[in-house]
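Remarks on the overall topology
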Amino acid sequence: MKRVVVGLSGGVDSSVAAYLLKEQGYEVIGLFMKNWHDDSVTISNECPWLEDSNDALLVAEKLGIPFQTVDLSEEYKDRIVDYMFKEYENGRTPNPDVLCNREIKFDVFMKIALSLGADFVATGHYCRKGILEKDGKEIYQLLAGIDNNKDQSYFLCQLSQEQLAKSLFPIGELTKPQVREIASKLDLITAEKKDSQGLCFIGKVRLPEFLQQQLQPKEGIIVEIDKSDSIYNAERPIFETVESQLSHDAQSIQYLQTMGKQVGKHQGAHYFTIGQRKGLNVGGTKEALFIIATDIMTNTIYTGQGQSHPGLFRNTLKVQPQEIHWIREDLRLNNGETMEVMARIRYRQVLQKATLYQFESGLYVVFREPQSAITEGQFVAWNVGDELVGSGVIS
């Protein structure tokens, strides 16, 4: 009998995943990951991880499976929290959920599971795993979940073949309402539980406050750039090569304070991200102000009015060579090659038509339609059909 360790998070998805595996005849063990100790940054005085681990325990008891808690808070601090601070300090916007899956759930956690003699690790992600035969060896596919509304394959875009080989996603064939229905029928305590918000496993943490404890506030100015500014109508140079054109198009515009007017002050450019609208506390504009750029060298935030402001849009982005990741190694592009894909630059985004261009200097993703708020440090992921084949960090 094959043994599976399920990451029981105290939520409904992982509870039902554990039940389904048991039904399929696996020997199932429930493991709760404790990734956070510092209660000083959680919002309310409820202690989310205690409540969650308790729910996970009750689910395990109800399903009749062994259960234990593992404390990964040290690894989590090293690999996720410290990385987030470093990224924010450098003016980039990290994606802790993608990293948490690559570094914690499918690495540290998976190693613990395998040391318990597990054949597989399972999670409550809405995605599916496929297996192909190619040249006599098995290749694993990461496929979108059936529930379009909940497909979470994007969060797993950094997994490797080795990690996928040992992974199971029991609820990928179900929709969220079906999952809740199964949990209700089984009378699981998690059946009606709201979906978890906030950082992967930290619980209800308010990110800016969490960061502010570590990053020093530093007053700077907010500048508004007019949508008819000449910078948006600058003449395009003539390019010798496709690569030099793509390199030009992937650059974000370099703004100067003299290009616009000062409309307010802020407490640190590193707290803000492109496309953000809340938290600027600037009133009196006809349309809402959106952040179009942040400059941490001069500690300046550049904004524009309205969500159709030209400063928000670009159709080309670059991924540095060391940041290119193919789940399907067999599809990796050679220098000079291109590929038609469907791509997205954030979790809830509808897939967009795009072309990949691979050069020695990196990989360019060119979208057919301009994209709003392409953000450095976030992940771009690309699909062929409903299969996520690769991803990379936006540079």
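Below is a short write-up of the structure. (Residues numbered from 1 in each chain as written. Predicted model: local features only at pLDDT ≥ 70, side-chain atom pairs only at ≥ 80, totals over all residues. Heavy atoms only, no water.)

1. Let's talk about the pairing of strand 17 (residues 379-384)
The buried fraction of strand 17 is high, at five of six residues. The sheet contact formed by strand 14 (residues 338-344) and strand 17 spans three bridges and is antiparallel. Bridging across to strand 17, Ala343 finds its partner in Trp382. Bridging between strand 17 and strand 18 (residues 387-393) involves six bridges; their strand directions are antiparallel. Looking at strand 18, one finds that Val380 is bridged to Gly392. From the end of strand 17 to the start of strand 18, which pair antiparallel, there are two residues, and Gly385 there has a positive phi angle of about 65°. (Buried < 20%, exposed > 50% of the residue type's maximum accessible area, 1.4 Å probe, protein only. Helix = DSSP H or I, 4+ residues; strand = E, 2+ residues; numbered from the N terminus. Pairing = 2+ DSSP bridges.)

2. Digging into the packing of aromatic side chains
With the rule as written, the count across this model stands at seven aromatic pairs. For the pair Phe106 and Phe169, a centre-to-centre distance of 6.3 Å together with 55° between the ring planes defines the contact as tilted. Linking Phe106 in helix 4 (residues 96-115) with Phe169 in the loop between strand 7 (167-168) and helix 6 (176-185), this pair joins segments that are 63 residues apart in sequence. For the pair formed by Phe106 and Phe169, the shared burial category is buried. Between Phe155 and Tyr347, the ring centres sit 4.4 Å apart and the planes meet at 35°, which makes this aromatic pair tilted. Taken together, the residues span a long stretch of sequence, with Phe155 in the loop between strand 6 (137-144) and helix 5 (161-165) and Tyr347 in the loop between strand 14 and strand 15 (352-359) at a distance of 192 residues. These aromatic residues form a ring-pair network of at least three members: Tyr154, Phe155 and Tyr347. (Phe/Tyr/Trp six-rings, centres within 6.5 Å; stacked < 30°, edge-to-face > 60°.)

3. Comments concerning the packing of helix 3 (residues 73-89) against helix 4
Look at helix 3 against helix 4: their axes get within 10 Å of each other, and the N-to-C directions meet at 165°. Classified by the interaxial angle, the pair formed by helix 3 and helix 4 is roughly antiparallel. Where helix 3 crosses over helix 4, the two elements pack in a sense that is right-handed. Here Glu75, Tyr76, Arg79, Ile80, Tyr83 and Met84 of helix 3 come into contact with helix 4, specifically with Pro96, Leu99, Cys100, Glu103, Ile104, Asp107 and Val108. Looking at side-chain class alone, the contact of helix 3 with helix 4 contains nine nonpolar, no polar and four charged residues. (Axes fitted to C-alpha atoms, helices over the stretch in contact; angles between N-to-C directions. Parallel < 35°, antiparallel > 145°, perpendicular 65-115°, else oblique. Left-handed = near helix turned anticlockwise from the far one by under 90°. Contact = heavy atoms within 4.5 Å. Nonpolar A, V, L, I, M, F, W, Y, C, P; charged D, E, K, R; others polar.)

4. Considerations on unusual backbone geometry
Look at Asn281: it is not a glycine, yet its phi comes out positive at around 55°. Within the chain, Ala373 stands out as a residue other than glycine whose phi angle is a positive 55°.

5. Observations regarding the sheet that holds strand 10 (residues 289-295)
Read from one edge to the other, the open sheet built from four strands follows the order 9-8-11-10, with strand pairing classed as mixed. Whereas interior strands pair on both sides, the edge strands pair on one side only; in this sheet they are strand 9 (261-266) and strand 10. Taken pair by pair, the neighbouring strands of this sheet meet at an average axis angle of 30°, ignoring direction. The sheet contact formed by strand 10 and strand 11 (residues 300-305) spans six bridges and is antiparallel. In the sheet register, Ile291 faces strand 11, and the bridge partner there is Thr303.

6. Side note on the environment of Lys134
Assignment of secondary structure puts Lys134 in strand 5 (residues 127-134). When the C-alpha atoms of Lys134 and Asp330 are compared, they prove to be 9.1 Å apart, with 196 residues separating the residues in sequence. Here Lys134 is in contact with Ile139, Arg328, Asp330 and Leu331, once residues within four sequence places are set aside. Polar contacts involving the side chain of Lys134 include one to the side chain of Asp330, which spans 2.7 Å. (Polar contact = N/O pair within 3.5 Å; in protein donor to acceptor, adjacent residues only side chain to side chain.)

7. Let's talk about the pattern of salt bridges
Scanning the entire structure with this criterion turns up 22 salt bridges. Measuring nitrogen to oxygen at the nearest pair gives 3.0 Å for the salt bridge that ties Glu87 to Arg92. Residue classification places Glu87 among the buried positions, given a relative accessible area of 9%. The class of Arg92 is buried, set by a relative accessible area of 18%. For the salt bridge of Asp386 with Arg128, the shortest nitrogen-to-oxygen distance reads 2.8 Å. A residue pair is termed long-range when its members are at least 10 positions apart, and Asp386 in the loop between strand 17 and strand 18 and Arg128 in strand 5 qualify at 258 residues. We classify Asp386 as partly exposed; its relative accessible area is 40%. Owing to a relative accessible area of 15%, Arg128 belongs among the buried residues under this scheme. One connected set of salt bridges, linked through shared partners, spans Arg79, Arg102, Glu103, Asp107 and Lys111. (Salt bridge = Lys/Arg side-chain N within 4 Å of Asp/Glu carboxyl O.)

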